Amino acid sequence: MAEPVREELSALGAIFCGPDEWEVLSLSETDGTVFRILTRAEGFMDADIRLQLVFHLPVNYPSCLPGIVVNSEHLTRTECEIVKEKLLEQAETLLSEPMVHELVLWIQQNLRHILKRPETGGGSEKCTSAASTTVDDGLWMTLLHLDHMRAKTKYVKTVEKWASELRLTGRLMFMGKIILILLQGDRNNIKEYLILQKTCKVDVDSSGKKCKEKMISVLFETKVQTEHKRFLAFEVKEYSSLDELQKEFEAAGLKKLFSEFVLRLVK
């Protein structure tokens, strides 16, 4: 990690030191750093809007734009995409210097103006392109494993909602205690799904309190090959036996994936 980035992270941790304001989600010498900031900004009609901002700093940051995901229970998905696009436009003016704190201050000061002038059309597409740190052509696929779901009905609805909003297809699969999520779609959208899955309170703990998903694992990720089935929708399916689940994978051209990653979950 470059020294300026290390210094920026240290400063951010000192600035956003309130409860739940700051959390480092991942550190990698090859993939960079992902962290979450919780903040508030004044929205339309002076409403107090809570924002969750997830930043991905690639290894060559700040020479390139950070990846940004915006989430808020007070905003629609379209509004979150518009806010993200505006943040990325502002980030372009700050290239080559640490910019995260400047971006947070900027959105705190400008959110109300952005929401007063909603933009539609190609904004979401532009935002996805700008947030990308790599060029990923074609369809990608990821297989996720969840340890459990306590609030199953709410959890399933949340997964379906995210898949729909991010234009992802695939399956949410239940077989006994095994819970799998198979996603197909744009790689950046899959990455955004994973950030939502890890940073939003999607389940409840043993005392019934809302909690984040801390027991999710990525079993497999690959570019969709010619032998793989293209899923046309995202569906929730229950399987009564391992054989039935295996047939689903085989029908999708994923026999090898099932043998290498799913079978070991039942051993």
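Look up: the structure comes first, before these words.
Residues numbered from 1 in each chain as written. Predicted model: local features only at pLDDT ≥ 70, side-chain atom pairs only at ≥ 80, totals over all residues. Heavy atoms only, no water.

Enquirer: Teacher, can you tell me more about the overall build of the protein chain here?
Expert: The helix and strand inventory of the protein chain stands at 8 helices and 11 strands. On C-alpha atoms alone, the protein chain measures out to a radius of gyration of 20 Å, which is about the 18 Å that the 2.2 N^0.38 rule sets for 267 residues. In terms of principal-axis extent, the alpha carbons of the protein chain reach across some 55 × 40 × 40 Å. Accessible surface, the protein chain: about 13,700 Å² in total, of which carbon and sulfur atoms supply 50%. Between the mean site of the 36 positive side-chain charges and the mean site of the 40 negative ones, the protein chain shows a separation of 5 Å. (Helix = DSSP H or I, 4+ residues; strand = E, 2+ residues; numbered from the N terminus. Rg over C-alpha atoms; globule rule 2.2 N^0.38 Å. Areas by Shrake-Rupley, 256 points an atom, 1.4 Å probe, with all protein chains shown as cover. Lys, Arg positive; Asp, Glu negative; His and termini not counted. Charge placed at Lys NZ, Arg CZ, Asp CG, Glu CD.)

Enquirer: Even after reading the chapter, I still don't get the layout of surface pockets, so can you show me in this structure?
Expert: Put simply, the second largest pocket is a space of about 730 Å³. Looking at the lining of the second largest pocket, the elements with two or more residues in it are strand E2 (32-42), strand E3 (48-57), helix H2 (77-92), helix H5 (152-165), strand E8 (201-204) and strand E9 (210-212). Top element by residues in the lining of the second largest pocket is H5. It accounts for 5 residues. Classifying every residue of the lining of the second largest pocket gives 7 nonpolar, 7 polar and 11 charged. (1 Å grid on protein atoms, 1.4 Å probe; cavity = no way out; pocket = protein on both sides within 12 Å on 5 of 7 lines; lining within 4 Å. Points joined across faces, edges and corners; volume = space filled by probe spheres on them. Nonpolar A, V, L, I, M, F, W, Y, C, P; charged D, E, K, R; others polar.)

Enquirer: So what exactly am I meant to see when it comes to the sheet that holds E2 here?
Expert: Pairing in this open sheet of 4 strands is antiparallel, and the strands run E1-E2-E3-E4 from one edge to the other. Both edges of this open sheet fall to strand E1 (22-28) and strand E4 (67-71), since each of them pairs with a single strand only. For this sheet, the mean inter-axis angle between neighbouring strands, taken without regard to orientation, is 20°. Helix H1 (residues 3-15) contacts E1, E2 and E3 of the sheet and is inclined by roughly 35° relative to E2. Packed on one face of the sheet, H2 meets E3 and E4 and runs near 145° to E4. (Pairing = 2+ DSSP bridges. Axes fitted to C-alpha atoms, helices over the stretch in contact; angles between N-to-C directions. Contact = heavy atoms within 4.5 Å.)

Enquirer: It is not clear to me how the pattern of salt bridges should be interpreted in this structure. Could you clarify?
Expert: Oppositely charged side chains can form a pair if their charged atoms are brought close together. Under the definition given, this model contains 16 salt bridges. Taking the shortest distance from any N to any O, the salt bridge between lysine 237 and glutamate 248 comes out at 2.9 Å. Of the two residues, lysine 237 is situated in strand E11 (residues 234-238) and glutamate 248 in helix H7 (residues 242-251); the sequence distance between them amounts to 11 residues. Residue class for lysine 237 comes out partly exposed when judged on its relative accessible area of 28%. Salt bridges here are not isolated pairs; linked through shared partners, they connect Arg77, Glu81, Lys84, Lys161, Glu165 and Glu192. (Salt bridge = Lys/Arg side-chain N within 4 Å of Asp/Glu carboxyl O. Buried < 20%, exposed > 50% of the residue type's maximum accessible area, 1.4 Å probe, protein only.)

Enquirer: What exactly am I supposed to notice about the packing of H7 against helix H8 (residues 255-262) here?
Expert: Think of two packed helices as two axes; the pair is described by the angle between the axes and how far apart they sit. Relative to each other, H7 and H8 sit at 135°, their axes nearing to 7 Å. It follows that H7 is oblique to H8 by the angle criterion. The two elements H7 and H8 meet at a crossing, and its hand is right-handed. Across the interface between the two elements, Leu242, Leu245, Gln246, Phe249 and Glu250 from H7 touch Lys255, Leu257, Phe258 and Val262 from H8. (Parallel < 35°, antiparallel > 145°, perpendicular 65-115°, else oblique. Left-handed = near helix turned anticlockwise from the far one by under 90°.)

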